[in-house]
Amino acid sequence: GENVEQHPSTLSVQEGDSAVIKCTYSDSASNYFPWYKQELGKRPQLIIDIRSNVGEKKDQRIAVTLNKTAKHFSLHITETQPEDSAVYFCAAGGSQGNLIFGKGTKLSVKP
Amino acid sequence: GAGVSQSPRYKVAKRGQDVALRCDPISGHVSLFWYQQALGQGPEFLTYFQNEAQLDKSGLPSDRFFAERPEGSVSTLKIQRTQQEDSAVYLCASSVQGAHSGELFFGEGSRLTVL
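Along each chain, residues carry numbers from 1 onward, in the same order as the chain's sequence is written. A letter from A marks each chain and a number from 1 marks each ligand, given out in the order of writing. Residue-level local features of this predicted model are given only where pLDDT is at least 70; pairs of side-chain atoms are given and counted only at 80 or more, and the full residue set underlies all totals for whole chains, interfaces and linings. Excluding hydrogens and water, the side-chain figures rest on all heavy atoms present in the structure.

Caption draft 1: Local environment of the sheet that holds strand 7 (residues 65-68) of chain B. Residue and element names in this part refer to chain B. With antiparallel pairing, four strands are arranged side by side in an open sheet as 1-3-8-7. A strand with exactly one partner marks an edge of an open sheet, and here the two such strands are strand 1 (5-7) and strand 7. Neighbour to neighbour, the strand axes of the sheet diverge by 15° on average, direction disregarded. Only when DSSP finds a minimum of two bridges between them are two strands counted as paired. Helix numbers and strand numbers start at the N terminus; a helix is a DSSP run of H or I with at least 4 residues, a strand a run of E with at least 2. Strand direction decides the pairing type here: strand 3 (residues 19-24) and strand 8 (residues 75-79), joined by five bridges, are antiparallel. Opposite Ala 20, over in strand 8, you have Lys 78 as the bridge partner. Axes, fitted as lines to C-alpha atoms, cover a helix only where it is in contact. Angles between the N-to-C directions of the axes lie from 0 to 180 degrees.

Caption draft 2: Looking closely at the state of the cysteines. Two cysteine sulfurs form a disulfide in these notes if their separation is within 2.5 Å. Scanning the model with the defined rule gives two disulfides over all chains in all. Sulfur-sulfur distance for the disulfide between Cys 23 of chain A and Cys 90 of chain A comes to 2.0 Å. Taking the sign of the S-S torsion, -100° for the link of Cys 23 of chain A and Cys 90 of chain A, the bridge is left-handed. Of this pair, Cys 23 of chain A sits in strand 3 (residues 19-25) while Cys 90 of chain A sits in strand 9 (residues 86-93); the two residues are 67 residues apart in sequence, bridging distant segments of the chain. Accessibility here uses a 1.4 Å probe with only protein chains present; expressed as a share of the type maximum, an area under 20% marks a residue as buried, one over 50% as exposed, and anything in between as partly exposed. Residue classification places Cys 23 of chain A among the buried residues on the basis of a relative accessible area of 1%. Across a sulfur-sulfur distance of 1.9 Å, Cys 23 of chain B and Cys 92 of chain B are joined as a disulfide pair. Disulfide Cys 23 of chain B-Cys 92 of chain B: the torsion about the S-S bond is -70°, which places it as left-handed. Of this pair, Cys 23 of chain B sits in strand 3 while Cys 92 of chain B sits in strand 9 (residues 88-95), and the two are 69 residues apart along the sequence. Cys 92 of chain B carries the same exposure label as Cys 23 of chain B, and that label is buried.

This is the structure in structure tokens:
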């Protein structure tokens, strides 16, 4: 089945800097790659997603890139703000129709 | 309802007890997912339904775990003879179609503590 690896597990940046989180997946049949943000004690919420027919997608300060050949995708957050501090999870849409998550990256943005 | 609803929000069980966790998905959502999230970890896939059909149960950790969605709406995750390692937050999520179709909407979770 699908396996998703996520790095780094923790990331600390200064306010205004960029943050990059990387994920790799194993199932070449996966074609949907969302990113979820989970604040402490709250439910995960979708922030951006990308499908395999697209190499890059951007939404304001957030962008995601996908390299299907290498089976990796990344989340880029520019001009980070303290409210970006949270745990971010990547996921890959498995060929069976389920969704497999990475272990998460705890992002801390220092003011 | 407005969102995915889970109950109970908190459950404390003695080791060996059986527990049942309920999920009310968003009305009309075809797909329903159960995940287990240990402290500081990512959601671990348990099982997935499309309507009443359980299409994938490969993530259930043992035969003590059982899930059902008999009428294609409400789902129940049952854990028999609970063990301490079962302590986690159990997240339910629903989506309009399968995971490939778009956003999963999560409930707030049921936090299970096994003593």
